[in-house]
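Residues per chain, in single letters:
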Amino acid sequence: IEPDAIPELRVMPWIVAGAAVLAVSAVPPFLSERYVNDAYAGWRSDLTRAYDDLDRAQTLNPFSDTPLLAEGAIADAAGDRERALAAFREAAEDRPEEWATHYLLAELYADEQPALARRELEIARELNPLSPDVEELGRELGTPAQTQPE
């Protein structure tokens, strides 16, 4: 070994370790996304498996609200309003800064609990004041449109 090569040999384990950490940290979010996609693709034929896939996705990437939003959307489409509400509420607790979750809650509350729908819609409107979807639901719920700053 030449004396000039010694610093390179000391750096090499750190490079390998860094690459391993990067690979290990990238795999769970990737797998989580795959499970979410599988749940969306197969929920009509096997709803139980879809929910199991979403549980795995949430376990693999607990910082993402995507599995909870998917669970809420699938439950709503499957006619399970209570499960949809529970999933969206949990997503709103985990990521209160996400306007879409509050909007989805407002949509679900609109028919049976309009006061809760208006409350969730106001949160969505504060977080995303320019959303045409929020304004449309606001008109449906009879809440005044927010004036645009000049």
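For the structure, see preceding data.
All figures in this text were calculated on a predicted structure; none of them were measured in a lab.

**Q** Before we move on, could you go through the packing of aromatic side chains and cite the residues and values that matter?
**A** For the coordinates displayed, the defined rule picks out one aromatic pair. Taking 6.1 Å as the distance between ring centres and 55 degrees as the angle between the ring planes, the aromatic pair formed by Trp99 and Tyr103 counts as tilted. Pair noted here: Trp99 and Tyr103 are both in helix α5 (residues 99-109), with a separation of four residues, about one helical turn. Residue Tyr103 is classed as buried on the basis of its relative accessible area, which comes to 13%. We note Arg83 situated over the ring of Tyr51; from NZ or CZ to the ring centre the distance is 3.5 Å.

**Q** Talk me through helix α6 (residues 114-127); I want residue IDs and the actual numbers.
**A** Owing to its 3.6 residues per turn, the α-helix brings residues three or four apart onto one side. Its 14 residues place the ends of α6 20 Å apart at the C-alpha level, agreeing with the 20 Å of an ideal helix rising 1.5 Å per residue. What α6 keeps buried is the set Ala117, Glu120, Leu121, Ala124 and Arg125. Buried residues in α6, looked at end-on, bunch into an arc of 145 degrees, giving them a common side. Exposed side of α6, more than 90 degrees from the buried face: Ala115 and Glu126 are the residues found there. On the buried face of α6, the contacting elements are α5 and α7 (132-141).

Thresholds, definitions, all that
- Residues numbered from 1 in each chain as written.
- Predicted model: local features only at pLDDT ≥ 70, side-chain atom pairs only at ≥ 80, totals over all residues.
- Heavy atoms only, no water.
- Phe/Tyr/Trp six-rings, centres within 6.5 Å; stacked < 30°, edge-to-face > 60°.
- Helix = DSSP H or I, 4+ residues; strand = E, 2+ residues; numbered from the N terminus.
- Buried < 20%, exposed > 50% of the residue type's maximum accessible area, 1.4 Å probe, protein only.
- Lys NZ or Arg CZ within 6 Å of the ring centre and 35° of its normal.
- Expected span 1.5 Å × (residues − 1).
- Arc of directions from axis to C-beta.
- Contact = heavy atoms within 4.5 Å.

Function-wise, these values are silent; they only describe arrangement.
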